[in-house]
Amino acid sequence: MKIKYRPLAREDYPQLTALTSRYVNAEREYQDYMKSLCDSLGCESAGIGGFDADGVLVGAALVEKGMHLTGGREDFFAEIRADIGEEEIWSGGIIVVEEKYQNKKVGAALLIHLLSHFEDIGAKHLLLEIWVRPDGYAPSESQLYIARSFTEYGTVDNFYAEAPGLEDHVCEVCGHPCKCKAKIAVLHV
């Protein structure tokens, strides 16, 4: 399994949209969000893709400049600003991996390549919203340990159900109204 990692470009948008549509709740608003991220690649956002030998996108990690969390959450932003001051912060947009490549360290490799890219552009902090299922399992929690250090800011119950516009959202994973939590953390590059 040979994966080539490289920065994502605007021409990768069709593959990125197809990949995220399969693994992320893909309402129309999310599709528009993904398009806006792709349109700004190299400006206000950055992404790393993992491509197989045929050039097919099998995983992607996208981030954007500034502090962004689902549903806002200004309460966290004030605490984070107090900790890091005026240093530039980026926010994790998404990390997604094709099913047959999951549990093969592709997500970790994407984040490692992304953090290396961060160093190249001078970014120092990455805000992450880590999905925590109702049973307590957090599929991406290991990402915290890839950075040199990180600061946890807490776990929020019903994080996604309380986000504006998602109040009645039915989770595509469990088939019920969303009860998932989110762990908020900042990676320090």
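Cut-offs and rules
- Residues numbered from 1 in each chain as written.
- Predicted model: local features only at pLDDT ≥ 70, side-chain atom pairs only at ≥ 80, totals over all residues.
- Heavy atoms only, no water.
- Salt bridge = Lys/Arg side-chain N within 4 Å of Asp/Glu carboxyl O.
- Buried < 20%, exposed > 50% of the residue type's maximum accessible area, 1.4 Å probe, protein only.
- Helix = DSSP H or I, 4+ residues; strand = E, 2+ residues; numbered from the N terminus.
- Core = buried A, V, L, I, M, F, W, Y, C linked by side-chain atoms within 4.5 Å.
- Contact = heavy atoms within 4.5 Å.

Draft legend 1. Up close: the pattern of salt bridges. Summed over all chains, the structure comprises three salt bridges. The shortest N-O distance in the salt bridge between Asp-12 and Arg-6 comes to 2.9 Å. Under the relative-accessibility criterion, Arg-6 is labelled partly exposed at 30%. For Lys-181, the salt bridge identified is with Asp-157, shortest N-O distance 3.7 Å. Linking Lys-181 in strand 7 (residues 181-188) with Asp-157 in the loop between strand 6 (149-156) and strand 7, this pair joins segments that are 24 residues apart in sequence. A residue is classified by how much of its surface remains accessible, and Lys-181, at 26% relative accessible area, is partly exposed.

Draft legend 2. Molecular detail of the nonpolar core. Residues Val-63, Trp-90, Leu-114, Phe-118, Leu-126 and Leu-187 are the most contacted members of the largest nonpolar core, which totals 25 residues. Mapped by element, the contributors of at least two residues to this core are strand 2 (45-51), strand 3 (57-65), strand 4 (89-97), helix 4 (106-121), strand 5 (125-132) and strand 7. Among the elements that line this core, the one with the most residues is helix 4, at six residues. Once you skip the residues sitting within four places of it in the chain, Leu-187 turns out to touch Leu-111, Lys-124, His-125, Leu-126, Leu-128, Gln-143, Leu-144, Ala-147, Ser-149 and Phe-150. Judged by nonpolar contacts, the second largest core, of 14 residues, contains Leu-69, Leu-127, Tyr-153 and Ile-184.

Draft legend 3. Just the environment of Ile-89, in detail. Counting through the fold element by element, Ile-89 comes out in strand 4. Judged by relative accessible area, which is 7%, Ile-89 ranks as buried. For the pair Ile-89 and Gly-66, spaced 23 residues apart in sequence, the C-alpha to C-alpha distance is 5.5 Å. Beyond its immediate sequence surroundings of up to four residues, Ile-89 is in contact with Lys-65, Gly-66, Met-67, Ile-80, Ile-84, His-125, Leu-127 and Val-186.

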